[in-house]
Amino acid sequence: NAGVTQTPKFRILKIGQSMTLQCAQDMNHNYMYWYRQDPGMGLKLIYYSVGAGITDKGEVPNGYNVSRSTTEDFPLRLELAAPSQTSVYFCASSRLNEQFFGPGTRLTVL
Amino acid sequence: QKEVEQDPGPLSVPEGAIVSLNCTYSNSAFQYFMWYRQYSRKGPELLMYTYSSGNKEDGRFTAQVDKSSKYISLFIRDSQPSDSATYLCAMSTPTGNQFYFGTGTSLTVIP
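For clarity, every value in this text was computed on a predicted model and none was experimentally measured.

Enquirer: Teacher, can you tell me more about the interface of chain B and chain A here?
Expert: Across the contact, 21 residues belong to chain B and 21 residues belong to chain A. Across the chain B to chain A interface the summed buried area is about 1700 Å²; carbon plus sulfur atoms make up 53%. Contact with chain A buries area across many residues of chain B, yet N97, F99 and F101 of chain B alone supply 30% of it, more than any other trio. Where chain B touches chain A, the interface holds 0 salt bridges. When contributions to the side of chain B that touches chain A are tallied by element, the ones reaching two or more residues are β4 (32-38), β5 (45-51), β9 (85-92) and β10 (99-101) of chain B. At 4 residues, β4 of chain B tops the list of elements feeding residues into the side of chain B that touches chain A. Looking at the side of chain B that touches chain A residue by residue, the classes come out as 9 nonpolar, 10 polar and 2 charged.

Enquirer: Would you explain the pairing of strand β9 (residues 87-95) of chain A in this entry?
Expert: Within a regular strand, the side chains alternate between the two sheet faces. All names here are of chain A. For β9, the tally of buried residues reaches 8 of 9 residues, placing the bulk of the element in the interior. As judged from the 7 bridges shared by strand β4 (residues 31-38) and β9, these two strands associate in the antiparallel manner. Paired with W34 across the strands is C91, a residue of β9. Two elements, β9 and strand β11 (residues 105-109), share 3 bridges in a ladder whose sense is antiparallel. Bridged to Y89 within β11 is T105. For β9 and strand β10 (residues 98-101), the ladder comprises 4 bridges, and the chain directions are antiparallel. Within β10, the position partnered with R95 by the bridge is E98. Linking β9 back to β10 in an antiparallel pair, the connection comprises 2 residues, with L96 at a positive phi of about 55°.

Rules used in this analysis
- Residues numbered from 1 in each chain as written.
- Chains lettered and ligands numbered in written order.
- Predicted model: local features only at pLDDT ≥ 70, side-chain atom pairs only at ≥ 80, totals over all residues.
- Heavy atoms only, no water.
- Contact = heavy atoms within 4.5 Å.
- Buried area = accessible area lost by both parts, 1.4 Å probe.
- Salt bridge = Lys/Arg side-chain N within 4 Å of Asp/Glu carboxyl O.
- Helix = DSSP H or I, 4+ residues; strand = E, 2+ residues; numbered from the N terminus.
- Nonpolar A, V, L, I, M, F, W, Y, C, P; charged D, E, K, R; others polar.
- Buried < 20%, exposed > 50% of the residue type's maximum accessible area, 1.4 Å probe, protein only.
- Pairing = 2+ DSSP bridges.

All quantities given are derived from atomic positions and should not be read as evidence of function.
Here it is as C-alpha cells:
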C-alpha cells in the first residue's frame, strides 16, 4: 500500500508557465483534497472531490483547476504561475473522517 | 474569527517533560477531532482521532475533547527528542466533506 503519492517533489517555474501536480491514492478513498501550506499559515484548502467526476472549490481556488476522472487520481493544474503560488502543496484522501496526506510538492515561482 | 485557533509556539521542553498542546474552535457542529504530527519537510501524519467529547489514549499520547468549552488538547507524556515536530489540530463536521486546521504548534524536545 503506497498510500497517497505526489509528483514531482520539487519544481521551479517561471512566471506565466503552467504545470500539473500529480496525486494518486491506492486506498480506494472517495474523498480527495488539495491544500497549500505557507509558513505560519497552516493548511489552506484549494479544491476537493467527493468522488470521480465531482469537484468543488475550497478556501483558495483562484489560479488553480482540478479534475477527477478516476477514484485514484486527482491532479491539480496551475495555468499561469504567479509568485503568490510559491508554496508547499499537499494532496490528501480520506476515509470517513480520517485524512491521509501525501509527502508534498515544493513549488517555487520566480 | 478563525474557525480553529492554535497557539503557534514555539514550545521547547526538556526530554521527559509532559507536553500540553491546545486548540479552540468556534463551530459547534464539529464532531470529529484530529491531531496530526508534521516533521520538517514532510506531510502531516494522523496521530490521534476522536469523536465527540471525552478522552482517547494511545501509548504516550492522550487526546481530550471538551465540546462544552470548544477546546481540545493533546498531551504527550515522557516526551522524546523524536517528538520534535509541528502538531496540527483539525476538525470536521458529521458530513465530513471538509477539514478545518489550526496553524500548528512547533515543539522541540531537548535531550
